[in-house]
Amino acid sequence: MRSLADALAVSPATVAAAYRTLRQRGFVVADRGRGTTVAALPPVRVRRVAELPAGVRDLASGNPDPSLLPSLAEALGRVDPTHKLYGGPAKLPELESLASAEFAADGLYGEIAVTGGALDAIERALQTELRIGDRVVLEDPSWPRIADLVHALGLVVEPVAVDSRGLDPEALEAALRRGARAVIATPRGQNPTGAAVDPARAEELRAVLARWPDVLVIEDDYVARVAGAPYAPLHVEDGRWAVVRSLSKVLGPDLRLAMAAGDPLTISRIEGRQRLGPGWASHLLQQVAALVLRDRETKRLLRRAERVYAERRNALVSALAAHGIDASGDSGLGVWVPLADEAAVVRELLARGWAVGPGERFRFQSASGIRVTTAALEPADAARLADALASLRGPTARTYDA
Ligand SMILES: Cc1ncc(COP(=O)(O)O)c(C=O)c1O
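Residues numbered from 1 in each chain as written. Predicted model: local features only at pLDDT ≥ 70, side-chain atom pairs only at ≥ 80, totals over all residues. Heavy atoms only, no water.

**Student:** Account for the overall build of the protein chain, naming residues and giving values.
**Tutor:** The number of helices and strands found in the protein chain is 13 helices and 15 strands. Relative to a compact globule of 402 residues, whose C-alpha radius of gyration would be 21 Å, the protein chain shows 22 Å and is just as compact. By principal-axis analysis of the C-alpha atoms, the protein chain measures approximately 70 × 60 × 45 Å. Out of the 402 residues in the protein chain, the part that is buried amounts to 49%. The contacts in the protein chain between residues at least 6 apart in sequence include a share of 72% that link residues at least 24 apart. Of the accessible surface of the protein chain, which amounts to about 19500 Å², a share of 54% is contributed by carbon and sulfur atoms. Both charge centroids of the protein chain, one from 50 positive and one from 50 negative side chains, sit 4 Å from each other. (Helix = DSSP H or I, 4+ residues; strand = E, 2+ residues; numbered from the N terminus. Rg over C-alpha atoms; globule rule 2.2 N^0.38 Å. Buried < 20%, exposed > 50% of the residue type's maximum accessible area, 1.4 Å probe, protein only. Contact = heavy atoms within 4.5 Å. Areas by Shrake-Rupley, 256 points an atom, 1.4 Å probe, with all protein chains shown as cover. Lys, Arg positive; Asp, Glu negative; His and termini not counted. Charge placed at Lys NZ, Arg CZ, Asp CG, Glu CD.)

Structure, rendered in structure tokens:
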């Protein structure tokens, strides 16, 4: 800082203030003991979604299979078109009671918020709870948009390893000891590994979190009831918590709705911050969600969707296993394939007509791999993809060893 101040003929205090501003805005990263470096990624990415070449199968985006989403047609025809004015309740009472019942079925009795998707709830919870520079535990690897959000808020990512049963309790404890103020974790359908937290691991994690009752625990239960694994709570009941259940994979991403249950302070802060933004989630959409969720046919379809998603994950995992390739996909909409040479494999697969997610965007310190969305991947196609991957592994592995 002193030499920069000399070179620029400004005071060291000015340089220090510039560093602070750059850090707060996410352009540089300060690491205790290692100095300050330019952030690898800009704080808010303005990224155009690259168009896939014609004929390439998209297994990179995490979309649900549209044929496993309930039809909205009938509900749209039944929506009450009466204008709702300012000053009404933020939550449609019917949707709130459906949400309460669904959470209660998993033993969750909190206040309820209805937000514009899962990320919206997570952003509002973080923004009202934390201050710039606070540390947030994220799963390593995890969905890139969560890390982008954390950076954009001026918060610092504290990566904690996940294995096939979720967050590593010891690593979580160490991160909390380093002063993390919030934890974001997926109880099931972990993106990208497919991990689901079982009751024993959940208990271990709760035992750790119980020692930090002021830490906000956000459970991103984004695949919710089509995850293919039961829900196990990670938070402690009398701590600070929010369980966020997106409707994107259940009823469709364009409804832009999620339901959150949490302790009264967390939920009132989410709703308070929501009032300063969109105000509330449109009741037209909340009505559609409530009508579809109440429909018996929806329950049947969602049970089928959960089964089909599991069959499709398993088909790819088994087809890869037949080639001696280890992959995981215990729950959720995708499969994670650990690979040393992920960039080369992603490139080669693209050349053969398959777009998959490079692990690089998902991981901090964890090992490399690729994420394959299997939501709409029929078993026959899974076998073809596994053949393609197996045929790549030979030559690329030899190159790698050499
Ligand atoms: C981990 C995770 N959380 C949240 C979401 C998205 O939720 P929403 O559409 O409700 O914002 C996704 C989407 O794939 C996801 O992978």
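**Student:** Kindly report on the pattern of salt bridges, identifying the contributing residues and their values.
**Tutor:** Evaluated as defined, the whole model comprises 27 salt bridges. Taking the shortest distance from any N to any O, the salt bridge between Asp381 and Arg57 comes out at 3.1 Å. Of this pair, Asp381 sits in helix α13 (residues 379-401) while Arg57 sits in strand β3 (residues 57-58), and the two are 324 residues apart along the sequence. In the salt-bridge network here, residues are joined through shared partners; they are Glu102, Asp106, Arg188, Asp221, Arg225 and Arg245. (Salt bridge = Lys/Arg side-chain N within 4 Å of Asp/Glu carboxyl O.)

**Student:** I'd like a description of the site of the ligand, backed by residues and values.
**Tutor:** The immediate surroundings of the ligand are formed by Gly117, Ala118, Leu119, Trp143, Asn191, Asp220, Tyr222, Ser246, Ser248, Lys249 and Arg256. Here an oxygen atom of the ligand sits 2.6 Å away from a polar atom, N or O, in the side chain of Ser246. Burial of the ligand by the protein amounts to 91% of the accessible area it has alone, namely 400 Å². In the shell around the ligand, the residues fall into four nonpolar, four polar and three charged. (Near = heavy atom within 4 Å. Polar contact = N/O pair within 3.5 Å; in protein donor to acceptor, adjacent residues only side chain to side chain. Nonpolar A, V, L, I, M, F, W, Y, C, P; charged D, E, K, R; others polar.)

**Student:** Tell me about the packing of aromatic side chains, and name the residues and values.
**Tutor:** Pairs of aromatic rings are described using the distance from one ring centre to the other and the angle between the two planes. If you walk through the whole model with that rule in mind, you get one aromatic pair. Note on Tyr86 and Trp280: the rings are 6.1 Å apart at their centroids and 85° apart in plane angle, and the pair reads as edge-to-face. Of this pair, Tyr86 sits in the loop between α3 (73-78) and α4 (93-105) while Trp280 is found in the loop between α9 (264-275) and α10 (283-294), placing the two residues 194 residues apart along the sequence. For Tyr86, a relative accessible area of 76% puts it in the exposed group. Sitting over the face of the ring of Tyr231, Arg245 holds its NZ or CZ atom 5.0 Å from the ring centroid. (Phe/Tyr/Trp six-rings, centres within 6.5 Å; stacked < 30°, edge-to-face > 60°. Lys NZ or Arg CZ within 6 Å of the ring centre and 35° of its normal.)

**Student:** Go over the sheet that holds strand β6 (residues 156-163), please, and point to the residues and values.
**Tutor:** With mixed pairing, eight strands are arranged side by side in an open sheet as β4-β11-β10-β9-β8-β5-β6-β7. Looking at the sheet topology across the chains shown, the edges are occupied by β4 (111-115) and β7 (166-167). Seen against the sheet, α9 touches β4, β9 (216-220), β10 (240-246) and β11 (258-262) and runs at an angle of roughly 25° to β4. (Pairing = 2+ DSSP bridges. Axes fitted to C-alpha atoms, helices over the stretch in contact; angles between N-to-C directions.)

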